[in-house]
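Observations on the model geometry
Here's the letter readout for the chains.
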Amino acid sequence: MRVHGGASGGQLTSLVLALSCAQPLCASFSLGLETPLSTRQIIGGQELKLARNHERILTFDTKEFPLSELVADALKCKPDELDQLHTREPEEFTTERCKIRSGNANTRASLRRIELLRRGLTGAWKRSLQKRTWENEYLPRIVRDVVGREVMPEQERLIYQRSPMLRFHVAWPLAEDEAAYDCGVPPTGGRNPGTLAGLHTDADYGHPSGEVNFFLPVNPDTFGTNSLYVEGDAMRGDFEPFELKYGEIMLWNGNSCRHCSPRNISSRTRISFDFRVMPGSDWVDPPKKKGYFQLGGYYADALEERRK
Ligand SMILES: [Fe+2]
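Residues numbered from 1 in each chain as written. Predicted model: local features only at pLDDT ≥ 70, side-chain atom pairs only at ≥ 80, totals over all residues.

Quick look at the overall build of the chain now. Within the chain one finds five helices and 15 strands. A total of 308 residues make up the chain; the buried ones form 41% of that total. (Helix = DSSP H or I, 4+ residues; strand = E, 2+ residues; numbered from the N terminus. Buried ≥ 20, exposed ≤ 12 C-beta atoms within 10 Å, placed from the backbone.)

Dropping the structure here:
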């Protein structure tokens with residue numbers, strides 16, 4: 001399903017959820033109501049129209065934020081080669097070795113190559129100057145000027161994940177003798193070879209419930225198994241892949257909705273930023289400065305500079 005922010009009025013009438021701004025976003029996902037095509041929710045005190053209970057596509061100016069070029073520069077390729085990086089050899093990016101124990105000899109060789117390529121690309125990005133440009137310049141501006149302006153305009157603080165991952169979902173199309181391969185779609189919780197992220201919610205990893213997730217691919221087309229599969233409501237199991245073009249960002253709820261990236265059997269590698277933003281009005285200071293999810297550590301405030 002592909003739904004942009006402005007859903008039709010007829011779709012919107014099926015359910016209106018008005019949550020207090022003090023309630024976390026995920027509180028709306030446990031009501032056991034039939035999922036409407038779209039609904040309204042309050043995020044950080046602002047009423048939003050969302051699809052499938054939690055999704056909305058935002059857009060950014062790819063000239064103002066040339067993220068595809070930025071990532072391509074870091075990986076020493078052209079932007080239109082990003083989704084074909086699976087055709088490159090791992091040795092171009094890494095000298096690492098890895099052992100694969102599952103599958104037959106052919107599968108193991110392919111999986112070893114895919115895994116090494118993923119690690120090599122991730123390492124090249126982490127070492128790059130472009131990663132610092134993303135974190136210091138583009139990300140806080142996207143949080144302020146795209147996320148803040150469009151969905152959290154009244155907030156005095158925009159608390160965001162300061163150093164989010166760039167994920168490489170390397171394409172691994174099926175070989176002829178793999179026609180019966182179970183690539184894990186729809187997701188059932190199994191972790192088949194080639195899975196990038198197994199089925200989970202971010203709450204499983206201790207993320208605070210006020211977080212709002214954003215998924216930003218830098219490859220031209222994101223669809224099917226090169227995408228992220230997300231259920232429409234917590235524990236509903238109605239998984240669908242996000243469908244996005246470059247220049248779009250999906251707002252979604254990874255805190256309580258299960259999600260995963262099964263093996264990418266398409267012929268397009270996906271490269272995506274995923275980051276999290278919490279409206280300042282939903283922020284609760286962690287007790288005694290303990291734990292991982294601290295402001296000044298995992299999080300920063302994108303509006304802090306503006307107040308100085
Ligand atoms: Fe996640």
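Let us keep going from here.
Turning to the pairing of strand E7 (residues 212-217), a few remarks are in order. Counting buried positions over the six residues of E7 gives six, a clear majority of the element. Burial of the side chains of E7 extends over both faces: Val212, Phe214 and Leu216 are buried on one face and Asn213, Phe215 and Pro217 on the other. Relative to strand E14 (residues 270-279), E7 runs antiparallel, the two sharing six bridges. Among the inter-strand pairings, Leu216 is bridged to a residue of E14, identified as Phe273. Across three bridges, the pairing between E7 and strand E12 (residues 248-252) is antiparallel. Residue pairing across strands places Asn213 opposite Trp252, the latter belonging to E12. (Pairing = 2+ DSSP bridges.)

The next point concerns the environment of Ser266. Positionally, Ser266 belongs in the loop between strand E13 (259-261) and E14. Under the C-beta neighbour-count criterion, Ser266 is labelled buried, with 20 such atoms within 10 Å. Residues in contact with Ser266, not counting those within four places in the same chain, are Ala171, Pro173, Gly224, Thr225 and Asn226. (Contact = placed C-beta atoms within 7 Å.)

Moving on, we come to the nonpolar core. In this structure, Val71, Val143, Tyr160, Phe214, Phe215, Met250 and Val277 are the most contacted members of the largest nonpolar core, which totals 60 residues. With six residues, helix H4 (residues 129-151) is the single largest residue contributor to this core. Once residues lying within four places of it in the same chain are set aside, the contact partners of Met250 are Glu55, Ile57, Phe214, Phe215, Phe242 and Leu244. (Core = buried A, V, L, I, M, F, W, Y, C linked by C-beta atoms within 7 Å.)

To continue, consider the sheet that holds E13. By definition, the strands of a sheet pair up through backbone hydrogen bonds, in either a parallel or an antiparallel sense. Spatially, the four strands line up as an open sheet ordered E6-E13-E9-E10, and their pairing is antiparallel. At either margin of the open sheet sits one strand with a lone partner, and together these are strand E6 (197-200) and strand E10 (240-241). As defined by bridge partners, strand E9 (residues 229-230) adjoins E13 across two bridges and the pair is classed as antiparallel. Following the sheet pairing, Val230 is matched in E13 by His259.

Turning our eyes to something else, we now look at H4. Quick reminder: α-helices carry 3.6 residues per turn. Residues three or four places apart thus point the same way. When the local axis directions of H4 are compared, the greatest deviation, roughly 40°, occurs at Tyr138, which is followed within four positions by the proline Pro140. Residues of H4 that are buried include every one of Gln130, Trp134, Leu139, Pro140, Ile142, Val143, Val147, Gly148 and Val151, and no others. (Bend = angle between axes of the 7 residues up to and from the residue.)

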